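Structural characterization, general
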Amino acid sequence: VYGYVKNATVEFQNPIATLEVENFGTIKIELYPDKAKNTVTNFITLSNNEFYDGLTFHRIMSDFMIQGGDPEGDGTGGPSLSAINKDIEKDSEEDTDYCIKGEFIANGYNNNTIRFEKGVIAMARSDYSSIDSSLTKEGYNSAGSQFFIMTEENDNLKGYYAAFGKVTEGYDVLEAIANVEVTSGNDETSESEETTEDSTAEVSTPVNPPVITSIRVETFGVDYGTPETVEPFDYYSWLMQHYSVQQ
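Everything quoted here is computed from the prediction, not taken from an experiment.

1. Looking at the overall build of the protein
Check the secondary structure of the protein and you find four helices and ten strands. Taking all 247 residues of the protein together, the buried fraction comes to 43%. Nonlocal contacts in the protein, meaning residues at least 24 apart in sequence, comprise 72% of its contacts between residues at least 6 apart. Accessible surface computed for the protein: about 13,600 Å², of which carbon and sulfur atoms make up 44%.

2. With respect to the environment of I121
Looking at where I121 falls in the secondary structure, it is placed in strand β5 (residues 120-123). I121 gets classed as buried once you look at its relative accessible area, which sits at 0%. Each C-alpha atom of the pair I121 and Q67 lies 9.5 Å from the other, and the pair is 54 residues apart in sequence. If we ignore the near neighbours within four places in the chain, the residues touching I121 are I29, F43, F147, F148, I149, A162, A163, F164, G165 and K166.

3. Let's talk about helix α3 (residues 171-178)
Turning to α3, its buried residues are V173, L174, I177 and A178. All buried residues of α3 fall inside an arc of 135° around its axis, so they share one side. Elements in contact with the buried residues of α3: β1 (16-21), β2 (25-31), β3 (57-61), β4 (65-68) and β6 (147-150).

4. A closer look at helix α2 (residues 37-48)
Here α2 contains twelve residues, and its C-alpha end-to-end distance of 16 Å stays within 8% of the 16 Å for a straight helix at 1.5 Å per residue. Most of α2 sits out of view: ten of its twelve residues are buried. Among all positions in α2, only N38, T39, V40, T41, N42, F43, I44, T45, L46 and S47 are buried. In this fold, the buried residues of α2 make contact with β1, β2, β5, β6, β7 (163-169) and β10 (212-218). Positive phi appears at E50, one or two residues downstream of α2, with a value of about 70°.

5. Concerning the pairing of β5
The two faces of β5 match: V120 and A122 on one face and I121 and M123 on the other face are all buried. Bridge count between β5 and β7: three bridges; the pairing is antiparallel. Bridge pairing in β7 places I121 opposite G165. Inspection of the sheet shows β5 paired to β6 by three bridges, in the antiparallel sense. Directly across from A122, in β6, lies its bridge partner F148.

6. Thoughts on the pairing of β6
With burial as the criterion, each face of β6 is covered, one bearing F147 and I149 and the other bearing F148 and M150. With four bridges connecting them, β4 and β6 associate as antiparallel partners. Residue pairing for β6: M65 is matched across the bridge by M150.

7. As for the pattern of salt bridges
Pairing between side chains becomes possible if they bear opposite charge and their charged atoms approach one another. Enumeration according to the criterion identifies seven salt bridges in this entry. A salt bridge links R216 to D53; the shortest N-O distance between them is 2.7 Å. Of this pair, R216 sits in strand β10 while D53 sits in the loop between α2 and β3; the two residues are 163 residues apart in sequence, bridging distant segments of the chain. Between K166 and E117 there is a salt bridge, with its nearest N and O atoms 2.9 Å apart. Here K166 is found in strand β7, whereas its partner E117 is found in the loop between β4 and β5, with 49 residues between them in sequence.

Reading the values: rules and limits
Throughout this document, residue positions are counted from 1 along each chain, in the order its sequence is written. Note on the predicted model: pLDDT of at least 70 is required for a residue's local features to be given, and 80 or more for side-chain atom pairs to be given and counted; whole-chain, interface and lining totals, by contrast, use all residues. To obtain the side-chain values, all non-hydrogen atoms of the structure were included, while hydrogens and water were left out. Here a strand is any run of E in DSSP of at least two residues, a helix any run of H or I of at least four, and the numbering for each starts at the N terminus. Burial classes follow relative accessibility: with a 1.4 Å probe on protein chains only, a residue under 20% of its type's maximum area counts as buried, one over 50% as exposed, and anything between as partly exposed. Residue contacts follow a heavy-atom distance rule, with two residues in contact if any of their heavy atoms lie within 4.5 Å. We get accessible surface area from the Shrake-Rupley algorithm with a probe of 1.4 Å; when it comes to residues, only the shown protein chains can shield them. The arc refers to the directions leading from the helix axis to the C-beta atoms. Each helix should span, by expectation, one fewer than its residue count multiplied by 1.5 Å. Paired strands are those between which DSSP finds at least two bridges. Salt bridges, as used here, are contacts in which a Lys or Arg side-chain nitrogen is within 4 Å of a carboxyl oxygen on Asp or Glu.

Taken by themselves, the reported measurements are silent on function.
Structure, rendered in structure tokens:
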């Protein structure tokens, strides 16, 4: 009984992430475990296990968001189990890639009501529907380590991506990162130049990707445990099977 009363009366404090960006400064982010508990747990574990240290913001759209947390640095990478479980040796047979379930309405999770306002942080994920409409839901549980921070409001994302916190300090740093020079990814075109080879190419690859020095999360004594994981969708196996059936 005493334990229950104590827990009920102690004021709960949301975890605070401190994101240090080289040559830019500090961004502080309040995380919302009551809205997306497993997503927050995953972010806390990766951050405090130093996974993000030295990674970059590899995709930047000044009027939309900044995206980072990819160990490959190009939007194709994600974490493996050793990043969240110290009992698993890195690059061992057990050290397989993992994803987490998407905590948002389209995926049947109705508790996440966070609006996609400026400063909101959310998990990036794959979108296989552009390849085949039957694969829409396959992308819902594909988030791993990549995250993005909104630089402008865009509530069209609500219900389709797992938002899990919001910037409380460092909006000037967020804006400075959002306004770095970017290209279309072919190293030939800057934001102020015309794209001659492909007029539809997304201009979002920073010329000098901002480096994440570190992310650490203060949990104020709360142990959030380790995140629940799922196996990544094997897109390449699906593709091979799909085309073999067609032939």
